[in-house]
Amino acid sequence: MDKFDIKLIALDLDDTLLNDNREITDGTVAALQECAERGIYVVLCSGRAEDAILPFVRRLEIAGKEAGRFLIAINGCSIFDLHKRQQIFCRKVEADILLRTNEIAEARGLRSEVYTPDTIYYREETQWTKLDVDLCGLKGAAIENYEEFLKTGFTKMLVPGDPAQLLDLQRILRAEFGDRAVIFTSKPYFLEILPPNCGKGEAVSWLANELKIPMEETMGFGDSMNDESLIRMAGHGVAMCNGLEAIKSIARHVTEYDNNHDGVGEFIKKYVL
């Protein structure tokens, strides 16, 4: 079987690289370590903030290599160089969009959150903000003058809450902001507000350009709507077989196995290694 000539592999975490216990299994770790040994860049590419991705970087044990030095956070709004220990790419949502989103959300009894690499900030803790803190493994912090805090601008705002409420809010925000912000649900109970022209695919494109890697030699794995630009823009967009039908329909490939059965690792062994 012919193998694909791949120089960079970008990997979503939840329901893609991670199984339902939020673990990377041994078989997939071995496949990705073999990629890094061969000089293929392995880039974790998540909606999570930088510090919430680091436990999975450590699990792969490739950060010391050139091929393991980069990670993409906040759905493509941030690229971090682990060797330089610094952010090398950053996009922020405009402050007026953050303030207006928060105003509309709070009028509906919802609470918004914003992120730094290690902390989730909100006006007050709720069952929904706590869910996000627990899922991400970041610190959570309530901010007294939250509106003033928002004026500094952030890479991402998230409104957690009841899925039906969030669909309604998504429609309202999209109508209000148009192409000034990217708005979607990453999980049914998380509505995300991101800068325009910024997604996982755009971040991979920027990084590939910096590394002088043609996009046709990139591969991206994902399962959900926040992976859409990654699946569409990577030379080889790979949807998980457990992913959304909308993602599978635009992918060049679909894995044979799901996230609980080494879907990523088995695909890489078959088509890359």
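Structure report, in brief. (Residues numbered from 1 in each chain as written. Predicted model: local features only at pLDDT ≥ 70, side-chain atom pairs only at ≥ 80, totals over all residues. Heavy atoms only, no water.)

Notes on the sheet that holds strand 2 (residues 41–45)
Then, number 1: In space, the eight strands of this open sheet follow the order 5-4-3-2-1-12-13-14, with mixed pairing throughout. Because the sheet does not close on itself, it has two edges, and the strands there are strand 5 (86–90) and strand 14 (253–254).
Then, number 2: With two bridges connecting them, strand 2 and strand 3 (residues 70–73) associate as parallel partners. When the sheet's bridge partners are listed, Cys45 is paired in strand 3 with Ile72. (Pairing = 2+ DSSP bridges. Helix = DSSP H or I, 4+ residues; strand = E, 2+ residues; numbered from the N terminus.)

Points about the layout of surface pockets
Empty space left among the atoms is revealed by rolling a probe the size of a water molecule over them.
Then, number 1: Estimated volume of the largest pocket: approximately 360 Å³.
Then, number 2: Asp14, Ser186, Lys187, Phe190 and Asn226 are the residues nearest the centre of the largest pocket, which is lined by 23 residues in total.
Then, number 3: Every element with two or more residues in the lining of the largest pocket is listed here: helix 1 (13–17), helix 5 (127–136), strand 10 (182–187) and strand 11 (190–194).
Then, number 4: In terms of residue count, the dominant contributor to the lining of the largest pocket is helix 5 (three residues).
Then, number 5: Considered class by class, the residues forming the lining of the largest pocket number six nonpolar, seven polar and ten charged.
Then, number 6: There is about 220 Å³ of room inside the second largest pocket.
Then, number 7: Forming the walls of the second largest pocket are 17 residues, and the residues nearest its centre are Val182, Phe184, Met225, Glu228 and Ser229.
Then, number 8: When contributions to the lining of the second largest pocket are tallied by element, the ones reaching two or more residues are strand 10, helix 8 (200–210) and helix 9 (228–233).
Then, number 9: Across the lining of the second largest pocket, the residue classes break down as six nonpolar, five polar and six charged. (1 Å grid on protein atoms, 1.4 Å probe; cavity = no way out; pocket = protein on both sides within 12 Å on 5 of 7 lines; lining within 4 Å. Points joined across faces, edges and corners; volume = space filled by probe spheres on them. Nonpolar A, V, L, I, M, F, W, Y, C, P; charged D, E, K, R; others polar.)

A look at the environment of Arg85
Then, number 1: By the secondary structure assignment, Arg85 is in the loop between strand 4 (78–81) and strand 5.
Then, number 2: Between the C-alpha atoms of Arg85 and Leu99, which are 14 residues apart in sequence, the distance is 31 Å.

Re the packing of helix 4 (residues 95–107) against helix 7 (residues 163–177)
Then, number 1: Taken N-terminus to C-terminus, the directions of helix 4 and helix 7 make an angle of 145°; their axes are 11 Å apart at the nearest point. In the packing of helix 4 onto helix 7, the handedness of the crossing is right-handed. Residue-level inspection shows Ile97, Arg100, Thr101, Ile104 and Ala105 of helix 4 in contact with helix 7, the latter providing Leu169, Ile172, Leu173, Glu176 and Phe177.
Then, number 2: Among the residues forming the contact of helix 4 with helix 7, the class breakdown is seven nonpolar, one polar and two charged. (Axes fitted to C-alpha atoms, helices over the stretch in contact; angles between N-to-C directions. Left-handed = near helix turned anticlockwise from the far one by under 90°. Contact = heavy atoms within 4.5 Å.)

Some words on the pattern of salt bridges
Then, number 1: This structure, assessed with the given rule, holds 28 salt bridges.
Then, number 2: For Glu106, the salt bridge identified is with Arg123, shortest N-O distance 2.8 Å. Within this pair, whereas Glu106 is found in helix 4, its partner Arg123 is found in the loop between strand 7 (119–122) and helix 5, the two being separated by 17 residues in sequence.
Then, number 3: Its relative accessible area of 23% is what places Glu106 among the partly exposed residues.
Then, number 4: Look at the salt bridges and you will find they share partners, linking Glu106, Arg111, Arg123, Glu124 and Glu147 into a network. (Salt bridge = Lys/Arg side-chain N within 4 Å of Asp/Glu carboxyl O. Buried < 20%, exposed > 50% of the residue type's maximum accessible area, 1.4 Å probe, protein only.)

Digging into the pairing of strand 13 (residues 236–239)
Then, number 1: In strand 13, alternate side chains face the same way, and those of His236 and Val238 on one face and Gly237 and Ala239 on the other are all buried.
Then, number 2: The pairing of strand 12 (residues 218–222) with strand 13 spans four bridges and is parallel. Paired with Phe221 across the strands is Val238, a residue of strand 13.
Then, number 3: As for the winding sense of the linkage, the β-α-β connection from strand 12 through helix 9 to strand 13 is right-handed.
Then, number 4: One ladder, built from two bridges, connects strand 13 with strand 14; its direction is parallel. Residue pairing in the sheet places Ala239 in a bridge with Val254 of strand 14.
Then, number 5: As a crossover connection, the stretch from strand 13 through helix 10 (residues 245–250) into strand 14 is right-handed. (Right-handed = clockwise from strand over helix to strand, strands pointing away.)

Regarding the environment of Met157
Then, number 1: Mapped onto the fold, Met157 is located in strand 9 (residues 157–160).
Then, number 2: What makes Met157 buried here is its relative accessible area of 0%.
Then, number 3: Sequence separation between Met157 and Thr101 is 56 residues; the distance between their C-alpha atoms is 8.6 Å.
Then, number 4: Leave out the neighbours within four places in its chain, and Met157 touches Leu98, Thr101, Asn102, Ser112, Glu113, Val114, Tyr146, Leu150, Leu191, Glu192 and Ile193.

What about the nonpolar core?
Then, number 1: By size, the foremost hydrophobic cluster in this structure holds 48 residues, and its most contacted members are Ile9, Leu11, Leu44, Phe221 and Ile268.
Then, number 2: Judged by nonpolar contacts, the second largest core, of 23 residues, contains Leu110, Tyr121, Ile143 and Met157. (Core = buried A, V, L, I, M, F, W, Y, C linked by side-chain atoms within 4.5 Å.)

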